[in-house]
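Residues per chain, in single letters:
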Amino acid sequence: MRRYGRELSVAASILLLALVLAFLAPGYFSGENLADLFLANMPVLLIALGMTMVILTGQIDISVGSMFAVCGIVAGALAKLGLPILAAGAGAIVAGIAMGAVNGALVAYVRMPSIVVTLATMVALRDGLRWATQGAWVSDLPPDFQWLGLSQEVYPILIACTAIAFAAAIAWGLRNLAGGRAVYATGSNASAALLAGIDTSFYTFTVFAITGALAGLAAVLNSVRFNQIPSNAGLGLEMKVIAAVVVGGTAITGGSGSIAGTVLGVILLGAIGPALTFLGVSAYWERALQGAIILAAVVAEAIRERAEKQVVSRA
Amino acid sequence: MFGLTPPDAGEIVLSGEPAQIGSPADAIAHGIGYVPEDRRQHGVVLELPIAANISLSSLDRVSRHGLIDGAEEDALAQQYVDRLRVKTPSVSAAAGTLSGGNQQKVALARWLATDPKVLILDEPTQGVDVGSKSEIHSIMMDLAASGMAIVMISSELPEVLGMSDRVMVMKSGTIAGELSRAEATQEKILNLALGHAV
C-alpha cells in the first residue's frame, strides 16, 4: 500500500493557497466566510466519504446528485405532513438507502456496469422528481424544520461534529475492520478476493447503500439551511464529489486511496473557487482551474502507476 | 469443487460426509483451500501488504467482532513468511514488490493460514524460479506427511511423476484414467491424455 504521497501534496497545495490568501486577501479567513464555505461544501464532503468507498471497490456512482435532490424533497414533504424533523430526516435517509440499494443490487448481483446503472438512475430519479413535483419547490416548511429546530449558531457546530465523526468513523473502519479490508481487496483484485472467500458482491452492494444513506443525510442537513427546498438541487454534485475523491488520491481503478485524501480533496476544490473571487480573478475561471487540478491529479496517478509497474516487473 | 461454478454432476464427500459447496466461502468453511493457477490474476492482491494477503482468507482468526488486530495479523503473517521462507524485508511491504516465486508462497501461505484439510494447488510452480520450485515441492511433501490431502493440478509431467501418490489423467474435461504411483510412467500418462489404449 502506498504511503502518504498524495495526501501530502494536496495538503501542501492547500497550505500554499492559504499563504497566498493570507497575504493578498486576509478577509478570506473571516469566521463568516469560513463558516459559509464549510456549510456549502458539507454535502460534498459527506457524499465523498461514500463515493471513496464506491471507487475503492472499483465502481462509480454518478446518481448521487439526483439522490440528493430526491432526499431533500422527501425530507421537506414529510416535515409538511407534520412529522417531527428527526422523523422526516430519518425518512429521507431511508429513501437514500433504498435508492443506493437499488444501484448496489443492480451492480453487485445483476452484474451490470456501475457507470450504466447509475447513469440510468441519475436520469430516472432526476426526471421522476421533476414529474412528481412539477418543478415546484417545497416551501412553507414548519418552523422547527429550519436549522433542525436549533439556533443558527448551534447548527453549524452540530454538523461540523457530524461530518468529522463520519469521516473519522469511515477512515477508521476502512483501516481496522475486516469489512474495510474486504473493500480494498475487492477493488484491487476482485477475482482473487472472491477466491479468498470474500463475498465481493455483498461489499459492493453495501458501499452503494451507504453512499445512498450519506446522500440522504447530506440532503437533510443542507435543506434545513433554507426556507425552501428546490426540486433541482444537487445538479452537477456528482462531478464535484468524484473530482474531490480523485484529487484526494483514490485510484479510479479501485483498490487504493484513503479518506484523509478525500477530505483534503474536498477542502482544496471547495476552497479554490471562492478564493478566486477574493483574489479578484473572474469566477469564470473557477471551473477551468478545478478541471486543471483534476487533470493534474489523474496524470500524477498515471505516472505513479507506470513507475510502480516497472518496479514490480524488475523485481 | 471450490464452489466457483455449479457442479454438473457428482457429489463431494469430505471425511465421509457429503458437503454442499455453493461458493468459495463455503469451501473454506469445509476446510478446502485453492491456490489458483494465475497468481497475478486470481492469487495475490498486489496492492495490499503481504500480511493482509496472508490473512485474507482467515480474517476471523486475526479479528474479533470484525475488528482486525494488527499485531496478531502481523504475527500470523510473520509465522508463515518464516516457515515458507518468503524473501521480504517486512510483512508490511506490498505483495506486488515480491518476485513470482515469493508471490506464489504468499498465495500458499494464505491457505495454510486457514488450516485446510484439503488443499487444491493449480499449477503451483508455473512461472516460478527453480529454487522456489523445489522449496514449494518440499513444502507440499511436508504438508502431505502431516496429514493434509493435496490435490495438485499440473501439466508438467516430471512434477506429476515426482510428487504424486495417485495420478488422475484428465482429457477434455473428463477423467481418462487413474494410475497409482507404481504404475505411473510418462508413457502411460501421455497415452491416457491423448486417448490411446494403454
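Residues numbered from 1 in each chain as written. Chains lettered and ligands numbered in written order. Predicted model: local features only at pLDDT ≥ 70, side-chain atom pairs only at ≥ 80, totals over all residues. Heavy atoms only, no water.

Student: For this particular structure, what's the right way to read the overall build of chain B?
Tutor: When its secondary structure is counted, chain B shows 8 helices and 9 strands. Since a compact globule built from 198 residues should have a radius of gyration of about 16 Å, the 18 Å found for chain B is in line with a globular shape. Projected onto its principal axes, the C-alpha coordinates of chain B cover approximately 55 × 40 × 30 Å. Here chain B, with 198 residues, has 47% of them falling under the buried criterion. Within chain B, contacts between residues at least 6 apart in sequence are counted, and of these 55% link residues at least 24 apart. If you sum the accessible surface of chain B, you get close to 10,000 Å²; carbon and sulfur atoms cover 53% of it. Where the 15 positive side-chain charges of chain B centre and where its 25 negative ones centre are 4 Å apart. (Helix = DSSP H or I, 4+ residues; strand = E, 2+ residues; numbered from the N terminus. Rg over C-alpha atoms; globule rule 2.2 N^0.38 Å. Buried < 20%, exposed > 50% of the residue type's maximum accessible area, 1.4 Å probe, protein only. Contact = heavy atoms within 4.5 Å. Areas by Shrake-Rupley, 256 points an atom, 1.4 Å probe, with all protein chains shown as cover. Lys, Arg positive; Asp, Glu negative; His and termini not counted. Charge placed at Lys NZ, Arg CZ, Asp CG, Glu CD.)

Student: Would you mind showing me how to read the interface of chain A and chain B here?
Tutor: The accessible area lost on association of the parts is a frequent measure of interface size. Every contact between the two is made by 22 residues of chain A and, on the other side, 33 residues of chain B. Carbon and sulfur atoms make up 61% of the surface buried where chain A meets chain B, a total of about 2,200 Å² over both sides. For Glu73 of chain B, the salt bridge goes to Arg181 of chain A, with nearest N and O atoms at 2.6 Å. Where chain A meets chain B, there are 6 residue pairs in polar contact (both at pLDDT 80 or more). Mapped onto the side of chain A that touches chain B, the elements with two or more residues apiece are helix 6 (154-176), helix 7 (178-188) and helix 8 (190-195) of chain A. (Buried area = accessible area lost by both parts, 1.4 Å probe. Salt bridge = Lys/Arg side-chain N within 4 Å of Asp/Glu carboxyl O. Polar contact = N/O pair within 3.5 Å; in protein donor to acceptor, adjacent residues only side chain to side chain.)

Student: Sorry, what's going on with the sheet that holds strand 6 (residues 118-122) of chain B here?
Tutor: The strands making up a sheet associate through hydrogen bonds between their backbones, and the pairing can be parallel or antiparallel. Residue and element names in this part refer to chain B. With parallel pairing, 3 strands are arranged side by side in an open sheet as 3-6-7. Each end of this open sheet is capped by a strand with a single partner; those strands are strand 3 (32-35) and strand 7 (149-153). Within this sheet the neighbouring strands show an average axis-to-axis angle of 15°, counted without direction. Its contacts with the sheet put helix 5 (residues 100-113) on strand 3 and strand 6, and the angle it makes with strand 3 is roughly 170°. (Pairing = 2+ DSSP bridges. Axes fitted to C-alpha atoms, helices over the stretch in contact; angles between N-to-C directions.)

Student: Help me out: how do you make sense of helix 7 of chain A in this one?
Tutor: The α-helix advances 3.6 residues per turn, and as a result positions three or four apart in sequence lie on the same side. Here helix 7 of chain A lies mainly inside the structure; 9 of its 11 residues are buried. Taken as a whole, helix 7 of chain A has its buried residues at Ala178, Gly180, Arg181, Ala182, Val183, Tyr184, Ala185, Thr186 and Gly187 of chain A.

Student: Explain the packing of helix 3 (residues 64-80) of chain A against helix 9 (residues 200-223) of chain A to me, please; I cannot follow it from the model alone.
Tutor: In a pair of packed helices, the angle between the axes and the distance between the axes together describe the arrangement. All names here are of chain A. Closest axis-to-axis distance for the helix 3/helix 9 pair is 8 Å, and the angle between their directions is 50°. It follows that helix 3 is oblique to helix 9 by the angle criterion. Between helix 3 and helix 9 lies a crossing whose hand is right-handed. Across the interface between the two elements, Val64, Met67, Phe68, Cys71, Gly72 and Ala75 from helix 3 touch Thr211, Gly212, Ala215, Gly216, Ala218, Ala219, Val220 and Asn222 from helix 9. (Parallel < 35°, antiparallel > 145°, perpendicular 65-115°, else oblique. Left-handed = near helix turned anticlockwise from the far one by under 90°.)

Student: Which parts of the structure should I look at to understand a nonpolar patch on the surface?
Tutor: All names here are of chain A. Judged by side-chain polarity, Leu16, Leu19, Val20, Phe23, Leu24, Leu279, Val281 and Trp285 come together as a nonpolar surface patch covering roughly 840 Å² of accessible area. In terms of residue count, the dominant contributor to the nonpolar patch is helix 1 (residues 5-24) (5 residues). Structurally, the position occupied by Leu16 is in helix 1. (Patch = residues over 30% accessible without salt bridge, like charges linked within 9 Å, V, L, I, M, F, W, Y side chains within 5 Å.)

Student: What is the right way to look at the domain arrangement of chain B in this model?
Tutor: Taken domain by domain, chain B consists of domain 1 (12-153) and domain 2 (165-198). Just the C-alpha atoms count here: the centres of domain 1 of chain B and domain 2 of chain B sit 29 Å apart. (Domains from an automatic or database assignment.)

Student: Explain the pattern of salt bridges to me, please; I cannot follow it from the model alone.
Tutor: Two side chains bearing opposite charge may form a pair once their charged atoms approach each other closely. Residues and elements named next belong to chain B. According to the stated counting rule, one finds 7 salt bridges over all chains in the structure shown. Of the charged contacts, one joins Arg64 and Asp69 as a salt bridge, the two residues approaching to 3.7 Å between their closest N and O atoms. Between Glu156 and Lys133 there is a salt bridge, with the nearest N and O atoms lying 2.7 Å from each other. One end of the pair, Glu156, is in the loop between strand 7 and helix 7 (157-163); the other, Lys133, is in helix 6 (residues 130-145), and 23 residues separate them in sequence. Of the residues examined, Glu156 reaches a relative accessible area of 30% and is grouped as partly exposed.

Student: When you look at the environment of Val94 of chain A in this model, what are you seeing that I'm missing?
Tutor: Residues and elements named next belong to chain A. Positionally, Val94 belongs in helix 4 (residues 85-108). Relative accessible area serves as the criterion here: at 54%, Val94 is assigned to the exposed category. Spatially, the C-alpha atoms of Val94 and Ala209 are 9.9 Å apart, while their sequence positions differ by 115 residues.

Student: It is not clear to me how the packing of aromatic side chains should be interpreted in this structure. Could you clarify?
Tutor: By convention here, two paired aromatic rings are described through the distance between centres and the angle between planes. All names here are of chain A. Under the counting rule described, the total for this entry stands at 5 aromatic pairs over all chains. Centroid distance Tyr28 to Phe278: 5.2 Å. Interplanar angle 85°. Geometry classified as edge-to-face. One end of the pair, Tyr28, is in the loop between helix 1 and helix 2 (31-56); the other, Phe278, is in helix 11 (residues 259-278), and 250 residues separate them in sequence. In this structure Phe278 comes out as partly exposed when scored by relative accessible area, which is 35%. Note on Phe202 and Tyr203: the rings are 5.2 Å apart at their centroids and 80° apart in plane angle, and the pair reads as edge-to-face. For Phe202, a relative accessible area of 39% corresponds to the partly exposed category. Relative accessible area serves as the criterion here: at 22%, Tyr203 is assigned to the partly exposed category. (Phe/Tyr/Trp six-rings, centres within 6.5 Å; stacked < 30°, edge-to-face > 60°.)

Student: It is not clear to me how the pairing of strand 8 (residues 166-171) of chain B should be interpreted in this structure. Could you clarify?
Tutor: When a strand is regular, its side chains alternate between the sheet's two faces. Where strand 8 of chain B meets strand 9 (residues 174-180) of chain B, 6 bridges bridge the pair, whose relative direction is antiparallel. In the strand pairing of strand 9 of chain B, Val167 of chain B is matched with Leu179 of chain B.

Student: Before we go on, may I ask you to explain unusual backbone geometry in this structure?
Tutor: Across residues other than glycine, the phi torsion is negative in most instances, and most of the peptide bonds are trans. In this structure, Asp140 of chain A takes a positive phi of about 55° despite not being glycine. Mapped onto the fold, Asp140 of chain A is located in the loop between helix 5 (114-133) and helix 6. One non-glycine residue, Arg85 of chain B, lies in the positive phi region at around 50°. Note that Arg85 of chain B resides in the loop between helix 4 (70-83) and helix 5.

Student: What is the right way to read helix 9 of chain A from this model?
Tutor: In a regular helix each residue adds 1.5 Å, so 24 residues correspond to 34 Å; helix 9 of chain A covers 35 Å between its end C-alpha atoms and thus fits that length. Most of helix 9 of chain A sits out of view: 19 of its 24 residues are buried. (Expected span 1.5 Å × (residues − 1).)

Student: Looking at this structure, I do not really get the environment of Ile28 of chain B. What am I missing?
Tutor: All names here are of chain B. Counting through the fold element by element, Ile28 comes out in helix 1 (residues 24-29). A residue is classified by how much of its surface remains accessible, and Ile28, at 18% relative accessible area, is buried. Taking the C-alpha atoms as reference points, Ile28 and Ser155, 127 residues apart in sequence, are found 25 Å from one another.

Student: Just to check I follow, could you spell out the packing of helix 1 of chain A against helix 11 of chain A for this structure?
Tutor: Residues and elements named next belong to chain A. The geometry of helix 1 relative to helix 11 is characterised by a closest axis approach of 9 Å and an angle of 25° between their N-to-C directions. Relative to helix 11, the element helix 1 lies roughly parallel. In this structure, helix 1 meets helix 11 at a crossing whose hand is left-handed. Contacts from Glu7, Val10, Ala11, Ser13, Ile14, Leu17 and Leu21 of helix 1 reach helix 11 at Ala260, Gly261, Leu264, Gly265, Ile267, Leu268, Ala271, Ile272, Ala275 and Phe278.

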